Amino acid sequence: ITSLAQRSRYENCSAPPPLFEEVNIVEKGGNYGWNVREGIECFSPETPTDPPAECPDYTPDEVRGGEPLVDPVIHYPQRVDDEVIGIAVIGGYVYEGESIPDLEGRYVFGDWSDSFAEPTGSLFASPIEEYEPVAGRSEDELWEIEQLTVDGGVDGELGRFVLSFGQDHDGELYVLTNARFTDGETGEVFRIVPAEEGESLETPDDSIADDDTDDEDEDDDTDGDDADDEDGEDDDADGTDD
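Treat the numbers as computed from the prediction; the structure is a model and nothing was measured.

Caption draft 1: Examining the sheet that holds strand β11 (residues 146–147) more closely. Strand order in this open sheet of 4 strands is β8-β9-β10-β11, and the pairing throughout is antiparallel. This sheet does not close on itself; its edge strands, each paired only once, are β8 (89–94) and β11.

As structure tokens, this is what we get:
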């Protein structure tokens, strides 16, 4: 199982952002439909933000013999009613541990964040279902997505950017995170455990949100220095006149 995601900062590149995130079961020789399909939706490079109504389920006969395209098992939009719900899907693992029975046999994954300005990564779980590698699937045929609540977290979330997942020999899962994606030393690794065994998460001190406060403090200091200089110059001028 793997995820396909565009992780560049969209405002700094010429290509338009994708509209959907997807998770695929990758098999040797599989054709996953790019660039005529995005997730289970149609796609056109000429109108990337306006999906066409129809698209092929097979390649043309002259392209690899007209082979079938393969839809993902998980698909979700980046926006719903102009509200961003995710930016980049982060692939995970099927849970094979014993500490959380409710996750047994589920595929656990995440989304990096729903904002570049705030670390608001999400965790999800999907039950593994029978999979048929074809195109033209409806949303009802995809794996269900359940958002996991982080008990003791920031509004039920990690309050971090989700970077990756890890799995140990016992099948337990770990989440690799940070609070900044540009600089700083905010990397943290969390083990996913039952709510009663976890600890409350505090907002990282060195997060992007702190930048706004720091900038305001710098502005205040600058204003104060300017005011002192002006007062000093006025006093000196008065003394000279006397």
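Caption draft 2: Representation of the state of the cysteines. All told, the structure shown has 1 disulfide when counted by the stated rule. The disulfide that involves C42 links it to C55, with 2.1 Å between the sulfurs. The disulfide joining C42 to C55 has a torsion of about -75 degrees about its S-S bond and is therefore left-handed. Residue C42 is located in strand β4 (residues 41–42), and its partner C55 is located in the loop between β4 and β5 (74–77); the two are separated by 13 residues in the primary sequence. Accessibility expressed as a relative area gives 10% for C42, which makes it buried.

Caption draft 3: Region of the structure containing the nonpolar core. Within the largest apolar cluster, 22 residues are counted, with the highest numbers of intra-cluster contacts made by L103, V108, L123 and L158. Counting residues per element, the ones that place at least two in this core are β10 (122–127), β12 (161–167) and β13 (173–178). Considering every element that reaches this core, the biggest residue donor is β12, with 3 residues. When near neighbours in sequence (up to four residues on either side) are disregarded, L103 contacts Y95, V108, A125, L148 and I192.

Caption draft 4: Looking closely at the confidence of the model for the chain. For the chain, mean pLDDT is 80; residues scoring 70 or higher make up 77% of the total. Counting contacts from residues 4–16, a segment whose pLDDT is below 50, to residues more than four positions away or on other chains yields 28 contacts. Residue range residues 220–242 is modelled with pLDDT below 50. Its contacts to residues more than four positions away, or to other chains, number 0 contacts.

Caption draft 5: Broad picture of the pattern of salt bridges. What the rule picks out here adds up to 5 salt bridges. With a shortest N-O distance of 3.2 Å, R37 and D71 are connected by a salt bridge. Within this pair, whereas R37 is found in strand β3 (residues 37–38), its partner D71 is found in the loop between β4 and β5, the two being separated by 34 residues in sequence. Judged by relative accessible area, D71 falls into the buried class, the value being 1%. Between R106 and E146 there is a salt bridge, with the nearest N and O atoms lying 3.4 Å from each other. With R106 in strand β9 (residues 106–111) and E146 in strand β11, the pair connects residues that are 40 residues apart, well separated along the chain. The exposure class assigned to R106 is partly exposed, which follows from its relative accessible area of 23%. Overall, E146 belongs to the partly exposed group, its relative accessible area being 40%. Taken together, the shared-partner salt bridges in this structure form one network comprising R37, D57 and D71.

Caption draft 6: Molecular detail of unusual backbone geometry. With an omega of 20 degrees, the peptide bond running from W34 to N35 counts as cis. With respect to the element layout, N35 can be found in the loop between β2 (20–24) and β3. Positive phi is not limited to glycine here, since R64 has a value of about 55 degrees. Tracing the chain through its elements places R64 in the loop between β4 and β5.

Caption draft 7: Molecular detail of the side chain of D111. Counting through the fold element by element, D111 comes out in strand β9. Polar contacts involving the side chain of D111 include one to the main-chain amide nitrogen of I87, which spans 2.8 Å. Not counting residues up to four positions away in its chain, the partners in contact with D111 are E21, Y76, G86, I87, A88, V89, I90, G121, S122, F124 and V162.

Caption draft 8: Representation of the packing of aromatic side chains. On inspection of all chains with the given rule, the structure shows 6 aromatic pairs. Note on Y76 and F124: the rings are 6.0 Å apart at their centroids and 45 degrees apart in plane angle, and the pair reads as tilted. Pair noted here: Y76 is in strand β5 and F124 is in strand β10, with a separation of 48 residues, a long-range link. The class for Y76 is buried, based on a relative accessible area of 8%.

Calculation notes
Residues numbered from 1 in each chain as written. Predicted model: local features only at pLDDT ≥ 70, side-chain atom pairs only at ≥ 80, totals over all residues. Heavy atoms only, no water. Pairing = 2+ DSSP bridges. Helix = DSSP H or I, 4+ residues; strand = E, 2+ residues; numbered from the N terminus. Disulfide = S-S within 2.5 Å. Buried < 20%, exposed > 50% of the residue type's maximum accessible area, 1.4 Å probe, protein only. Core = buried A, V, L, I, M, F, W, Y, C linked by side-chain atoms within 4.5 Å. Contact = heavy atoms within 4.5 Å. pLDDT = per-residue confidence, 0-100. Salt bridge = Lys/Arg side-chain N within 4 Å of Asp/Glu carboxyl O. Polar contact = N/O pair within 3.5 Å; in protein donor to acceptor, adjacent residues only side chain to side chain. Phe/Tyr/Trp six-rings, centres within 6.5 Å; stacked < 30°, edge-to-face > 60°.

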